[in-house]
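Residue-level structural notes
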Amino acid sequence: MRGKTFAFLALASVLLVIGLWVAHPPASRANGEKDEKDKGGHAHVPAPLEYADAHVPLAVWTDPAMIARGKEIYTVRCAVCHGDAGDGKGPAGVALPLKPSDFRDKAGMAEMRDNYWFWRVSEGGTGEPFKSKGSAMPPWKGELSVQDRWAVMAYQHTFSGHQGPHVPWEHPESVVVGRDIYVMACLPCHGVDGKGDGTVAATLSPRRAPQPRDLTSAEFKFRSTPSGQLPTTGDLFRTLTEGVRGPGGVMTIGLRGYRIMPSFRYMPEEQRLEVIEYVKSLNRAFRERGEVKIVGVPTPPPVTPERIARGKKLYADAECLACHGERGRGDGPSAPTLKDNRELSIAATDLTRPERFKSGSRLEDVYRTLVTGLAGTPMPSYGDSLAGSDVGSGLLPPVAIARRPACRGRRCQMRTASRHKEDE
Amino acid sequence: MMRIMGAVVTGVLLLTTVVGADEVPISGTVKSVDAAAQTVTLESTVKGKTRQVVVHLKPGAKIVKFIRAIEPGKTGFVEQPLALTDLKPGWVVSVETKHEGNKEVAELVKVVLER
């Protein structure tokens, strides 16, 4: 009797599973995902690099005028899907495969960073992963100005009930993924608070520069922004991806390609962007700065004997040779006395070894270094003192010198070629 | 007792199967409208692939857009009926379709965005 009961229950269970599968088949024809695990498909992925610096000015979030302006726009353009109450239950939104965001969801809102939010309002569901999830969200960047988009966000923010600006120090949940990656990959050198005082830091390059960056300071060496400004997210991404070249102590033995900071190019891009968002959260200035200006890199001029001659003159006039030396080997008369802003000895770069250029050896990298300088080091910015074409000319001697093989042996040349290939 | 349990289980299975009825939501951009055939062709993306879906409208199917209520004292949105020919390429719509006779069939089309 027991055996029959068991058999019956087993059969009933199997039938039930089949029945449920038939009743709710895999929605292969629907273009949305009904799975609510990732906020109904609203995965809060990192904003792409072109939007990563689009942080909303802090005052916008609580400015009554902006909130009122946002309400007007929201009522006309957003409420039909997101609902007048911001609950994602507007009449046109209820049947959408990817449900409109519920702005009253405190936890979901806290996880959402401002640049992600601005990206979504600007580009709608046209980007991945939302396009594949069947998002019907239209892009508003063509119809709403930047200020209008900020105003809409400020109004949407009010539905969450949060008072104050929507920033990581109010919502640590928004950078928790990046924080975990930071703890595993960056903390030993950059320290718990990002001050460059990790336990391994002292052994990386004992008593001389470079040292792990103090991520909470205003000085970042590798930038595409003018002198004295913070780097862009793209700059941080490039540094993380490429690593930093430089002479290190015993702890850097084994790092590929003469690096003091390893390259994280094999870390998935999304994780690199997450950890950068965490790094930016350590320094409030990233969100308090206004518009981000970037130094443009013009197309390199053709290499001609005249330009090389002019570059050679500029190289001398701009006193590059005082540090880098006449032959560019980093052995100029001032080289032995150079110190960085921590009063640590720092070597002038040997321009005949492009594989050792800290900020990259491509022509655009060298141009960027010349124009922006390397903050915190004796390398000044030449953005003001040299005109664009002059900077282009000034590039030529070091690059011309750099292209000269540093060694003549076949094995050495093969090694250099391999490093160039790695740079590419 | 076992017969009763069996009947209950079977009943539940039949009920869920009938209620479920393979109904799925689709949203997409209107590519074209065929008033004679009573069809709307939508372009939608599913799992990274863009595809075109021909949605057949049932006789008497409704097409609506939502407008703000203008009557005094009323708030929110009200439905405004549209004709099939009012739908324009480029508009974003959502439909709940049923798979019938190898066709996607809908009774209600909601306009999400006119552009």
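Residues numbered from 1 in each chain as written. Chains lettered and ligands numbered in written order. Predicted model: local features only at pLDDT ≥ 70, side-chain atom pairs only at ≥ 80, totals over all residues. Heavy atoms only, no water.

A count of helical and extended segments in chain A gives 17 helices and two strands. Across the 424 residues of chain A, 49% fall into the buried class. For chain A, the proportion of contacts with a sequence separation of at least 24, taken over those separated by at least 6, is 61%. Working note: accessible area of chain A is about 21,100 Å², and carbon and sulfur atoms make up 58% of it. (Helix = DSSP H or I, 4+ residues; strand = E, 2+ residues; numbered from the N terminus. Buried < 20%, exposed > 50% of the residue type's maximum accessible area, 1.4 Å probe, protein only. Contact = heavy atoms within 4.5 Å. Areas by Shrake-Rupley, 256 points an atom, 1.4 Å probe, with all protein chains shown as cover.)

Turning to the packing of helix α7 (residues 176-185) of chain A against helix α11 (residues 269-281) of chain A, a few remarks are in order. Residue and element names in this part refer to chain A. For the pair α7 and α11, the least separation of the axes is 7 Å and the interaxial angle reads 95°. One element, α7, and the other, α11, form an angle in the roughly perpendicular class. Across from Val177, Gly178, Arg179, Ile181 and Tyr182 in α7, the residues of α11 making contact are Gln271, Glu274, Val275, Tyr278 and Val279. Along the lines of polarity and charge, the residues of the contact of α7 with α11 split into six nonpolar, two polar and two charged. (Axes fitted to C-alpha atoms, helices over the stretch in contact; angles between N-to-C directions. Parallel < 35°, antiparallel > 145°, perpendicular 65-115°, else oblique. Nonpolar A, V, L, I, M, F, W, Y, C, P; charged D, E, K, R; others polar.)

All names here are of chain B. Summarising burial for strand β6 (residues 103-113): eight of the 11 residues are buried, a large majority. Relative to β6, strand β3 (residues 49-68) is paired through six bridges, and the arrangement is parallel. Considered in β6, the bridge of Ile63 is made with Val109. The sheet contact formed by strand β5 (residues 92-100) and β6 spans eight bridges and is antiparallel. The residue bridging Ser94 from the neighbouring strand is Lys110, located in β6. What sits between the antiparallel neighbours β5 and β6 is a turn of two residues, in which Gly101 has the positive phi angle 55°. (Pairing = 2+ DSSP bridges.)

Once that is clear, we can look at the pattern of salt bridges. Residue and element names in this part refer to chain A. In total, this model carries 25 salt bridges over all chains according to the counting rule given. The closest approach of N and O atoms between Arg289 and Asp53, which form a salt bridge, is 3.4 Å. Of the two residues, Arg289 is situated in the loop between α12 (285-288) and α13 (305-317) and Asp53 in the loop between α2 (49-52) and α3 (64-82); the sequence distance between them amounts to 236 residues. Classification of Arg289 by relative accessible area gives partly exposed; the value is 21%. (Salt bridge = Lys/Arg side-chain N within 4 Å of Asp/Glu carboxyl O.)

This paragraph deals with the packing of aromatic side chains. Tallying each qualifying case throughout the model produces 12 aromatic pairs over all chains. With a centroid separation of 5.9 Å and 75° between ring planes, the pair formed by Tyr116(A) and Trp119(A) is classed as edge-to-face. One end of the pair, Tyr116(A), and the other, Trp119(A), are both in helix α5 (residues 114-123), three residues apart, so they sit about a helical turn from each other. Its relative accessible area of 7% is what places Trp119(A) among the buried residues. Ring geometry for Tyr116(A) against Phe130(A): centres 6.1 Å apart, planes inclined by 65°, an arrangement best described as edge-to-face. Taken together, the positions of Tyr116(A) in helix α5 and Phe130(A) in the loop between α5 and α6 (146-158) put the pair 14 residues apart, joining distant regions of the chain. For the pair shown, Tyr116(A) and Phe130(A) are each scored as buried. Feature note: the residues Tyr74(A), Phe103(A), Tyr155(A) and Phe159(A) constitute an aromatic cluster, connected by ring pairs. Above the ring of Phe130(A), the side-chain terminus of Arg120(A) is found at 3.5 Å from the ring centroid. Here Arg68(B) stacks its cationic end above the ring of Phe77(B), 4.1 Å away from the centre of that ring. (Phe/Tyr/Trp six-rings, centres within 6.5 Å; stacked < 30°, edge-to-face > 60°. Lys NZ or Arg CZ within 6 Å of the ring centre and 35° of its normal.)

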